[in-house]
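So you can see what is in the structure, the chains are spelled out below.
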Amino acid sequence: MNLSIDAKSPLPVYQQVIQAIKLEVLSGGLRDGDLLPSIRDLAKLLKLNPNTVAKAYYALEAEGFSENRSGSGSRVRVPAGRQDSLRKAMLESEFKNFLEKAVSLGFSLEDIKQLAERIKK
Amino acid sequence: MNRKEWLEVGKQSLYFVMAAAGMVLLVALMNWLQGKPLEAEKIIIMLGLWLLMFSMFLGLSPFAMDSKQKGMEYLLTLPYSRRRLLFIKLLPRLAAAVLFYFMLVLLYNIMGSDAFAGGFMAFSLAYFALFLISFSLSLVHENFIVQSLWAGVALCGYMALCLFICVLGFGWKFGMPSSWVGPRPWLNLNYDVSSLLTAIVVFLLMAAPFIASFFLAFKKFDLRPARAFNRRQLLFFAPLLLLAFASSLGVAYLMQKSSAYDESFYYILENRQLLKKGWPGKLTLHKENRQRRLDTKRSFMWDWNVFETPGKLFLTAYDVQDNSTAVIRLNLDDLAWDTVRRIPHNYLANNAFSAFRQYGQNLVFLQRSREEAEKAGMQPAVPLKNVRLELVVIDMNSEKSKILSYQIPPFPIRYNPVIFAHDEIDGRQFWLVGNQRANIIRLWEDGQAEVLGFSHKMPAYFGHLLFSHSGKSLVIHRLPASGRETVKEIDGEFQLSVFFQSRMDTGNAREIYGKRDKRIVRLDLDTLTMDDVGPERGQIFFISPGDFFYSEHEAWPSAHGKPDKWRKIYRLQDGKMVFLKQLNFRGPDFGHVWIDKSGITLRENGRTRLFAFPDLGELKFKNLN
Amino acid sequence: MSQPIVEVRDLSFSFSRKKVIDGLSVSFPKGEWAVIAGRNGVGKSTLLRALSGVLLPDSGKVIRSQEAPAKKIGFISDALSLFEDWTVERARAFHCRVFAIGEFDDRLLKRLGLSQKDRIKNLSAGERAILHLSLVLSQKPSLLLVDEVMHMLDPYIRELFIETLIEHLAASRATVLTVNHTFSEIEKIPERVLVMDDGKFVIDETSEALRGKMKKIVSRDPLPETLPCFFKKTDGIYKEYYIYPFREELLADHALDFQDIALAEIIKAFIGGGYEQKRMA
């Protein structure tokens, strides 16, 4: 499991936790049915406030990405179909960042398309 | 946290006890090596001083360990209020102080010594005061030495202040200058209930500001420097001290009775009236159903002298205000009084009681010449090493005085010359002057002084015979026109108790009683034979002109700390003890029995009872007690 | 909203005539982790001591809720005060007795290899800090006050310390107030940041809000006057400018690269700015 939280990012920490867990799910580190680490363990691991982790878990559960049954902790849920839209959403977010960066460097859309072609080869 | 504190105090106490035991063993060892019996007194005093130090140490210690261990901040994080913290600190230490005090008291009683005598109460009060004061100063400084200096200074100031308050209250109540009251009340604490109670109340009231200010200031105690805390404590202390001062002064005024000075003299007059001398300067003449009071309005401290002459009494008193001795004449009918003679204090050769004597209708006393009085300064206690002295005779009828001047060889340093006889030979008057371990000197009325030999003990003049002591025997002399002739010498350790009686008219005495080697003996003055009368178990009194009485004590020699339950009064006459009366004492107090010419005065627990000769029936006076 | 666990009203405190805390008011709700920062000697430790009851205020009040009685307040001071001659065992026994603690968790002590017979004075600073933490946590405190001890700790013990605090917070809803100089390890933890200066709090914000309000610009050129620069470091060729308060509009007006910075740097900038103001006053 590889979760990293950026202290500098203006994004609230709990959001970053949610993102990080989603990424982990998408990349296959966490599969459907796996136990999420307890709030305590994750907070200790990432050096976070347990409230923050609790908030993230709560949001995850609200979005349907985990469920808390049988008292043994939260389990990952990858709702059918959601995985795909999730992947797409994440890619879009990454791409947006990339585009912003490229534009600020002075590249046009054409340049970017050409670059994509070149790399694909 | 209680356990921690008790453990800490326990450890400190253990060290203390071990050190004390070590000291005692050391003294015991030294005594044993020297072959002496165990010096109980020295040990008790040593332990007492050590205990005083420990009491100060206990008081200063509550935060010492915590501070040294750098745990003060931790202490303040503990879930106790400031007040609770202080109580937790106080309780074990107070318990230790009390425990060790009682152990000392126990030891004191077991060892049977009288090391402290009257001072034990004062020591006890100082002990507890020192503990409380030290406790209240325990945060005054980090350095223990500085703290103990402060505690010592505070204690001295405190005790001086308490004494001052007692003295001030007493002087205020009785119109006596404080400087004259002195530390006397404190020496009487063991015997005088009102002084003791006053002292205790004053001590407690004056110690309260220390403890109260400490507790009040501690409410805001934290880790800030001591200076802020001290300032705060002082702000509480000062007004509390003033309050304590005022209230304890009031207590001292109200509670103290004049008993510390109440050597209130009762004198049964020949007419069976009772003269009561109170002070300052007050007299009461009791008849059966009424009394008449006289307030001279001067601060006279009456002496024990009463000289009777028809219709008049002559009394002597120390005048506190002008530091002189006054000879006062009092009319028995209208209580008019006058100072017949005023003797500045540095003129008197010795204290008034032994200075004044009566023979016939005359009073006589010795005084220094003016040059020598001035040289001796204001201290009448300075013994008469000088050789010019004056004899003053006051005629009680005319109230006129006559002064005779003499040059005598020097008297030994410790003893002042005392007049003990008057007689005449071939129309020439003389007086005899002497003391123990001194020469007997005859002063003729023409101004001659003649040495009549040495006496180891106090001489006596009885039935025209002079009695002196040679060191292992009693020597009897006759006095011709000059010098002395030894008539008889009797071996043994004699004690004749006739030296200090105030009337010197013993010319008609036929017998004399005294003590020899623990027996009462009688000497017949005609045949000079000595007979044994009985065992010596008390005191012999001589009442002029020739009556001897014997007061038998329950315990003889008197047991320390245990007053008698009874005394038996006998008349000694013709070689026999004639039982007169038994006096029973009811209280824990020492009874005072005073026998004089007209009867017996018994003072017990502040009550006075009077018995008149010859039948020793009790005289009742209204409003006496 | 429930009662705050501790509330300070108009607190003032002087040390030898110098006012260290001046009319300070603040309150801390249940379950919050706040960090108190500020330059050296500004009164942070004093405030913590006042909150714990070790120091008593000259004026003003410290009101502790019923959920935070004396037994439930854990205080680790920077003096790490304990009785020096005592052994670990005695200290533990004493603390448990006084605070009426049933069970003592000695895992931390075991982890460091501390023996019950070790004397307090012989422990290193780190070992003492862990001992204090163990003692204090065994009280199951509802208010935990931790003064600047973390800078004394080696990295391993420091991480252990932080993880233990996190664990405790996860298990209870305690309020934690820490005074910190070293921020990097705990940057992501506190929800609220308070910066103290001149006896008062000059900053009292959530860490999220604070991160949004301060940005950094590194540039060779001087900064336009219109930008609110709170603190700058102009020694080298590349000058660092800390922009506060940052607004979104500034992005539009200027084509500068506003960098996001973490909490540690933000606080450093505040402290630096404080020094600057003091110098110019």
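Residues numbered from 1 in each chain as written. Chains lettered and ligands numbered in written order. Predicted model: local features only at pLDDT ≥ 70, side-chain atom pairs only at ≥ 80, totals over all residues.

### Overview of the packing of helix α2 (residues 39–46) of chain A against helix α3 (residues 50–63) of chain A
All names here are of chain A.
So, point 1. Running from amino to carboxyl end, α2 crosses α3 at an angle of 125°, the nearest separation of the two axes being 9 Å. Between α2 and α3, the crossing angle belongs to the class labelled oblique. When the axes of α2 and α3 are compared, the crossing they make is right-handed. Of α3, the residues touching α2 (which contributes I39, R40, L42 and A43) are P50, V53, A54 and Y57.
So, point 2. Its residues placed into classes, the contact of α2 with α3 shows 7 nonpolar, no polar and 1 charged. (Axes fitted to C-alpha atoms, helices over the stretch in contact; angles between N-to-C directions. Helix = DSSP H or I, 4+ residues; strand = E, 2+ residues; numbered from the N terminus. Parallel < 35°, antiparallel > 145°, perpendicular 65-115°, else oblique. Left-handed = near helix turned anticlockwise from the far one by under 90°. Contact = placed C-beta atoms within 7 Å. Nonpolar A, V, L, I, M, F, W, Y, C, P; charged D, E, K, R; others polar.)

### Considerations on the pairing of strand β12 (residues 401–407) of chain B
All names here are of chain B.
So, point 1. Here strand β11 (residues 388–395) runs beside β12; their pairing, made up of 7 bridges, is antiparallel. Bridging across to β12, R388 finds its partner in Q407.
So, point 2. In textbook terms, the turn of a hairpin is the stretch between consecutive antiparallel strands, and for β11 and β12 this stretch comprises 5 residues, one of which, E399, has a positive phi near 60°. (Pairing = 2+ DSSP bridges.)

### A word on the packing of α2 of chain A against helix α5 (residues 155–171) of chain C
So, point 1. Where α2 of chain A meets α5 of chain C, the axes come as close as 9 Å, and the angle between the chain directions of the two elements is 155°. Classed by the angle they form, the pair α2 of chain A and α5 of chain C counts as roughly antiparallel. With respect to the hand of their crossing, α2 of chain A and α5 of chain C are arranged in right-handed fashion. Residues I39, R40, A43 and K44 of chain A of α2 of chain A pack against E163, I166, E167 and A170 of chain C of α5 of chain C.
So, point 2. Class assignment for the residues of the contact of α2 of chain A with α5 of chain C results in 4 nonpolar, no polar and 4 charged.

### Quick look at the pairing of strand β10 (residues 215–219) of chain C
Residue and element names in this part refer to chain C.
So, point 1. Inspection of the sheet shows β10 paired to strand β12 (residues 239–243) by 5 bridges, in the antiparallel sense. The residue of β12 that forms the bridge with S219 is K239.
So, point 2. Relative to strand β13 (residues 259–260), β10 runs antiparallel, the two sharing 2 bridges. Looking at β13, one finds that K216 is bridged to Q259.

### Focus on the sheet that holds strand β7 (residues 324–331) of chain B
Residue and element names in this part refer to chain B.
So, point 1. Within the open sheet, the 4 strands sit side by side as β5-β6-β7-β8. Their pairing is antiparallel. Bordering the open sheet on either side are β5 (300–309) and β8 (337–344), each of which pairs with just one other strand. Pairwise comparison of adjacent strand axes, ignoring direction, gives a mean angle of 20° for this sheet.
So, point 2. Alignment of β7 against β8, held across 7 bridges, turns out to be antiparallel. Note on β8: the bridge partner recorded for T325 is I343.

### Notes on the environment of Q429 of chain B
All names here are of chain B.
So, point 1. Mapping Q429 onto the fold places it in strand β14 (residues 428–434).
So, point 2. Given 15 C-beta atoms within 10 Å, Q429 falls into the partly exposed group.
So, point 3. Residues Q429 and V521, 92 residues apart in the sequence, show an inter-C-alpha distance of 31 Å. (Buried ≥ 20, exposed ≤ 12 C-beta atoms within 10 Å, placed from the backbone.)

### What to know about the domain arrangement of chain A
Residue and element names in this part refer to chain A.
So, point 1. Domain boundaries assigned for chain A yield domain 1 (1–79) and domain 2 (83–121).
So, point 2. Contacts between the two partners involve 4 residues from domain 1 and, on the opposite side, 4 residues from domain 2.
So, point 3. Among the residues making up the side of domain 1 that touches domain 2, the classes are represented as 3 nonpolar, no polar and 1 charged. (Domains from an automatic or database assignment.)

### A look at the interface of chain A and chain C
So, point 1. Each partner contributes to the interface: chain A provides 16 residues, whereas chain C provides 21 residues.
So, point 2. The set of elements that each furnish at least two residues to the side of chain A that touches chain C consists of α2 and α3 of chain A.
So, point 3. Sorting elements by how many residues they give to the side of chain A that touches chain C places α2 of chain A first, with 4 residues.
So, point 4. Considering only residue class, the side of chain A that touches chain C consists of 9 nonpolar, 3 polar and 4 charged.

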